[in-house]
Amino acid sequence: MITLEQAVKEKARQLGFILAGVTSSEAPAHFNIFEEWLSQNKHGTMQYLAEERSRIRRADPKQILPECKSILVLAMPYHSPLPLGEGPGVRVASYTLGDDYHDIIPPRLREIVEFIEEQVGHPIPNRYYTDTGPILERELAQRAGLGWIGKNSMLINPQAGSTFFLAEILLGIELEPDAPFPTDHCGTCTRCLAACPTQCILPDRTLDARRCISYLTIELKDDIPEEVREKMGEWIFGCDICQQVCPWNRFAQPACAAFEPKIPLPVLTSDLLLSSVEFNQRFKKSPVKRAKRRGYLRNLSVAVGNRGNENDLPLLEQAAQDEEPLVKTHAQWAINKIRSELK
Ligand code: SF4
Ligand code: SF4
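If you're wondering where the values come from, they're calculated on a predicted model, not measured in any experiment.

Enquirer: Requested: an account of the packing of helix α11 (residues 292–307) against helix α13 (residues 325–342), with residues and values cited.
Expert: Two measures define how a pair of helices packs: the angle their axes make with one another and the distance between the axes. Here α11 crosses α13 at 5 degrees, and the two axes come no closer than 8 Å. The angle between the axes of α11 and α13 places the two elements in the roughly parallel class. Contact residues: α11 offers R294, L297, R298, S301, V302, V304 and G305, while α13 offers L326, V327, H330, A331, W333, A334, K337 and I338.

Spelled out as structure tokens, the structure:
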């Protein structure tokens, strides 16, 4: 006879989750690493991570849901990154090519909760998250048997690599926990450390967010520090390099249909002149909308400057007249960079 845990995992598979595991509601054992990371300001401007309420909740899932007895951890695949050296010059992280996961995943988590409630015949206290919750999701995923935390800080599964979104459902019901993932398969590999253009991967499997291109192009709302701009190459939203070079991603699974590429690529330099209306239309369903027009054009200016093509100067000169100071100053930086290379 099929157990409740097996039935729930089967339901998750039907909804597009390729991995599912259960862990207890115990506090994460490595919260101290997160606290240390915060104390060294490695979170940059992400102040919401350092707020006391957020830290208390991240330290103990029962602070989020007092009735929590078990946590279901799930993974849904997105489009695999192109191998290094392929694809268009201007780049976005592959997870952003499809629909926004914040829109796609939560309704499916709700469906799983409803399924469990149907099975047990009564309502169950619950909370669910994908990326947005105050929860150490990679540690919980390791504890639920989904994989190990690689040197690039991603959760890696031997049959699926790391190209998936994680999601968690906190449940006020006892489910049989899975065994934690037992092994670290990074071994002596250091490919991600060698390939990271800003050298922001730290020895304790965390990142110095202040230098990570994902942070600089998505989370940072102000000027990009000049000393890292050249290292950003042509990435305009996120960065896939430490996943592209990871040998385990040869096992990456096909994307769930919603995450098949939708936004038009290559992104054109003429995007430097996108109006707010055009930006909102283009990225209505994409995670790229998080950068907002000002952040997107800031990032694109840096990437175009790094491409160093003098044919882009007329568009950059128009962008340097933008009414948004952030766009103006970064477009001007790109102009100066291209002109200095022409001398
Ligand atoms: S996402 Fe890019 S910048 Fe950030 S750690 Fe990985 S390779 Fe480095
Ligand atoms: S590239 Fe190598 S060291 Fe880095 S996460 Fe992958 S296996 Fe681990």
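Now that the structure is up, let's keep going.
Enquirer: Can you break down the site of ligand 1 residue by residue, with the values?
Expert: The immediate surroundings of ligand 1 are formed by N152, C196, T198, C200, I201, L207, C212, I213, S214, C239, I241 and C242. Going through the elements one at a time, α7 (213–219) and α9 (241–244) are the ones with two or more residues in the shell around ligand 1. Looking at side-chain class alone, the shell around ligand 1 contains nine nonpolar, three polar and no charged residues.

Enquirer: Residues and numbers for the environment of S80, please.
Expert: In this structure, S80 sits in the loop between β2 (70–77) and β3 (91–92). Taking the number of C-beta atoms within 10 Å as the measure of exposure, S80 has 21 and is therefore buried. Note: C-alpha distance between S80 and F283 (203 residues apart in sequence) is 20 Å. Beyond its immediate stretch of four places on either side in the chain, S80 contacts S94, T163, N249 and A252.

Enquirer: Explain unusual backbone geometry residue by residue, including any values.
Expert: Despite not being glycine, N41 has its phi angle at roughly 60 degrees, a positive value. Within the secondary structure, N41 is located in the loop between α2 (31–39) and α3 (52–59). Backbone geometry places K292, a non-glycine residue, at a positive phi of 60 degrees. Topologically, K292 is positioned in helix α11. K292 sits in the partly exposed class, given 17 other C-beta atoms within 10 Å.

Enquirer: Lay out the pairing of strand β7 (residues 164–171) in plain terms, naming residues and giving numbers.
Expert: Counted residue by residue, β7 has eight buried out of eight residues, so it is predominantly covered. Where burial is concerned, the two faces of β7 agree: the one with F164, L166, E168 and L170 and the one with F165, A167, I169 and L171 are both buried. Sheet analysis places β2 next to β7, joined by eight bridges and oriented antiparallel. Bridge assignment links S70 to a residue of β7, and that residue is L171. Direction of pairing for strand β4 (residues 126–129) relative to β7: antiparallel, over a ladder of four bridges. For R127, the partnering residue across the bridge sits in β7 and is L170.

Rules used throughout
- Residues numbered from 1 in each chain as written.
- Chains lettered and ligands numbered in written order.
- Predicted model: local features only at pLDDT ≥ 70, side-chain atom pairs only at ≥ 80, totals over all residues.
- Axes fitted to C-alpha atoms, helices over the stretch in contact; angles between N-to-C directions.
- Helix = DSSP H or I, 4+ residues; strand = E, 2+ residues; numbered from the N terminus.
- Parallel < 35°, antiparallel > 145°, perpendicular 65-115°, else oblique.
- Contact = placed C-beta atoms within 7 Å.
- Near = placed C-beta within 6 Å.
- Nonpolar A, V, L, I, M, F, W, Y, C, P; charged D, E, K, R; others polar.
- Buried ≥ 20, exposed ≤ 12 C-beta atoms within 10 Å, placed from the backbone.
- Pairing = 2+ DSSP bridges.

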